[in-house]
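Spelled out, the chains give:
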Amino acid sequence: MQKVVSTKLTEDEHTKLLDMCNFHGCTPSSFIKQAIMEKIDQKEEIESNNELSNEDIEKILGI
C-alpha cells in the first residue's frame, strides 16, 4: 500500500519541486520525506539544547 501526502502546491511550485528532484536525481516522495525529517530533527535538536517552548521552536522553524 502506497501512502499519499497532499502538498497543496501551486502548479509553479510543483514544477520547481520536479526540477529540483530531477537536478538531484531523486523522486518527489523522497525529496519531501527528507525535508520533513530535517524539520523534525531540527525541532528535536532545538528542544534538547534549549529551554524554549514549543511555540518558540515553531516560530524559529517557521512552522
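In this text, all values refer to a predicted model and were calculated from it rather than measured experimentally.

**Thoughts on the pattern of salt bridges**
Within the structure shown, the criterion is met by two salt bridges. With a closest N to O distance of 3.5 Å, aspartate 12 and lysine 16 form a salt bridge. Here aspartate 12 and its partner lysine 16 are both found in helix α1 (residues 11-24), four residues apart, which amounts to about one turn of the helix. Look at aspartate 12 and you get partly exposed, because its relative accessible area is 48%. In this structure, glutamate 55 and lysine 59 form a salt bridge, with 3.6 Å as the shortest nitrogen-oxygen distance. Here the residue glutamate 55 and the residue lysine 59 both occupy positions in helix α3 (residues 54-61), the gap between them amounting to four residues, near one helical turn.

**As for the environment of glycine 62**
In this structure, glycine 62 sits in the segment after α3. Measuring from C-alpha to C-alpha, the distance between glycine 62 and lysine 39 comes to 9.7 Å, with 23 residues separating the pair along the chain.

**Side note on a negative patch on the surface**
There is a patch of like negative charges on the surface, built from Glu38, Asp41, Glu44 and Glu45. Note on placement: glutamate 45 falls in helix α2 (residues 28-49).

**Digging into a nonpolar patch on the surface**
Together, Ile36, Met37 and Ile40 make up an exposed nonpolar region whose accessible area comes to about 230 Å². By the secondary structure assignment, methionine 37 is in helix α2.

Reading the values: the criteria
- Residues numbered from 1 in each chain as written.
- Predicted model: local features only at pLDDT ≥ 70, side-chain atom pairs only at ≥ 80, totals over all residues.
- Heavy atoms only, no water.
- Salt bridge = Lys/Arg side-chain N within 4 Å of Asp/Glu carboxyl O.
- Helix = DSSP H or I, 4+ residues; strand = E, 2+ residues; numbered from the N terminus.
- Buried < 20%, exposed > 50% of the residue type's maximum accessible area, 1.4 Å probe, protein only.
- Patch = residues over 30% accessible without salt bridge, like charges linked within 9 Å, V, L, I, M, F, W, Y side chains within 5 Å.
- Areas by Shrake-Rupley, 256 points an atom, 1.4 Å probe, with all protein chains shown as cover.
- Lys, Arg positive; Asp, Glu negative; His and termini not counted.
- Charge placed at Lys NZ, Arg CZ, Asp CG, Glu CD.

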